[in-house]
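Each chain, written out:
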Amino acid sequence: MTAKTAPPPVKAQAGPQRRFTINIRQSGIYVAFAFIVALFAVLTDGALLQPQNISNIIVQNSYVLILAIGMILVIIGGHIDLSAGSVVALTGAICAVLTVQMDVPWPFAVLITLVAGAVIGAAQGYWVAFFGIPAFIVTLAGMLVFRALTLTVLGNQGIGPFPDEIRTLANGFTSGYLGNVGLGPLGGADLVSLLVGVAVVAGFAFNQWLRRKARLGYGQVVDPFPVFVLKIVLAAAVVLAVVVQLARFRNLPWVLVLLAVLVMGYSVMANRSVFGRHVYAIGGNLQAATLSGVKVKQVTFWIFVNMGVLAALAGIIFAGRLNQAGPTAGASFELDAIAAAFIGGAAVQGGVGKVVGAITGGLIMGVINNGMSLIGSPSEQVMLVKGLVLLAAVAYDVWTKRRA
């Protein structure tokens, strides 16, 4: 009989590791944003960070940021949408005809306009998802068709003015319900705006704590606790600094409240819902997603429906801001939205990207436009810088992929 060998001793499992990690692909955009803001703050002698100017950056770029939310989902899914600017123009014209010429109450006009955007998105999504035509071709055709329909509806002339409620949504500010409070040398600031800022910071910190706790529960790598706290403090400082400046000017813009709701809702949808995970799966590996049972055609279809609805919302906001729907509205908006998505970290092949990243990319474009305008740069220099920033962002994405 052979002697039995004793089994090797069982090693105790190590607990969850804690170390400081930086994802240069995801964090690089925020470092670049901070650098660009600091650069133009110096070049403009601080004018960039004045309360009124910060408010102007948000209001003036709100429609591009709304489009960027929809565009990032399209790009994550491995597609592109070149018709967004024309849809903005057409839906703005539809809203103008309903409210100005047909005297439809503004809530119903807005709802009908959003439905029209959904129908437009469904029409394009059908050809892409169920007929198999590449999105580039479908949306390029849509860009021409919807621009022609806009000219047909408006007859080469603008329609306005819009109802006060729509103009308030685009250009208005929240009321100072609780009055102002003193901030020492900064002067007075709206108390409600400050409380909203504190609530946002508290919600963000609580959400990060829950994510850290969940990762620890699964034994995943997390940052050391001091680094975790430092990240939250830095994010809170940025948010509160912006809120204080807005509260010192004319309170929170209503369009910023709308953007905040959209960003939170779409971030949860993209990261926590089944639909969002399916979008990432399709863009990351179409064949694997199909074999895994993902309903690729249906998901692709609803991606374009969503893009149509957000383009309609952007059309309402843009027309309300100008107080007129014009035939040239939305020109090149799709390019700004695409640039915002790619600058914000979206991958050219799809499957990678975040809603917050797209918003950051859009704000980078807005800061460049605003900052170069403040220093008196001509339009050709602005276009040159924006083009170089876009090229650098895509090159950075390719470089980080090769390193990985």
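Residues numbered from 1 in each chain as written. Predicted model: local features only at pLDDT ≥ 70, side-chain atom pairs only at ≥ 80, totals over all residues. Heavy atoms only, no water.

The protein is annotated in an unreviewed UniProt entry as Xylose transport system permease protein XylH from Saccharothrix yanglingensis. Recorded in UniProt under Function (unreviewed entry), the annotation for the protein is "Part of the binding-protein-dependent transport system for D-xylose. Probably responsible for the translocation of the substrate across the membrane." The heading Subcellular location (unreviewed entry) in the UniProt record of the protein holds the text "Cell membrane". (UniProt positions renumbered as here; feature names shortened; annotations may be inferred.)

Examining the packing of aromatic side chains
Within this structure, the stated rule accounts for 12 aromatic pairs. A ring pair is formed by Trp-209 and Phe-228, whose centres lie 6.3 Å apart and whose planes are at 55 degrees; its orientation type is tilted. A residue pair is termed long-range when its members are at least 10 positions apart, and Trp-209 in helix 8 (residues 191-217) and Phe-228 in helix 9 (residues 225-249) qualify at 19 residues. Residue classification places Trp-209 among the partly exposed residues on the basis of a relative accessible area of 42%. Residues Phe-225 and Phe-228 carry aromatic rings whose centres are separated by 6.1 Å and whose planes lie at 35 degrees to one another, so their mutual orientation is tilted. On the criterion of helical spacing, the pair formed by Phe-225 and Phe-228 is a turn pair, its members being 3 residues apart in helix 9. Residue class for Phe-228 comes out buried when judged on its relative accessible area of 11%. Feature note: the residues Tyr-126, Trp-127, Phe-130, Phe-131, Phe-301 and Trp-302 constitute an aromatic cluster, connected by ring pairs. Across from the ring centre of Phe-228, 5.0 Å away, lies the NZ or CZ of Arg-212, which sits over that ring. (Phe/Tyr/Trp six-rings, centres within 6.5 Å; stacked < 30°, edge-to-face > 60°. Helix = DSSP H or I, 4+ residues; strand = E, 2+ residues; numbered from the N terminus. Buried < 20%, exposed > 50% of the residue type's maximum accessible area, 1.4 Å probe, protein only. Lys NZ or Arg CZ within 6 Å of the ring centre and 35° of its normal.)

A word on the environment of Gly-276
Within the secondary structure, Gly-276 is located in helix 11 (residues 274-284). Apart from residues lying up to four places away in sequence, Gly-276 is in contact with Met-269 and Ala-270. (Contact = heavy atoms within 4.5 Å.)

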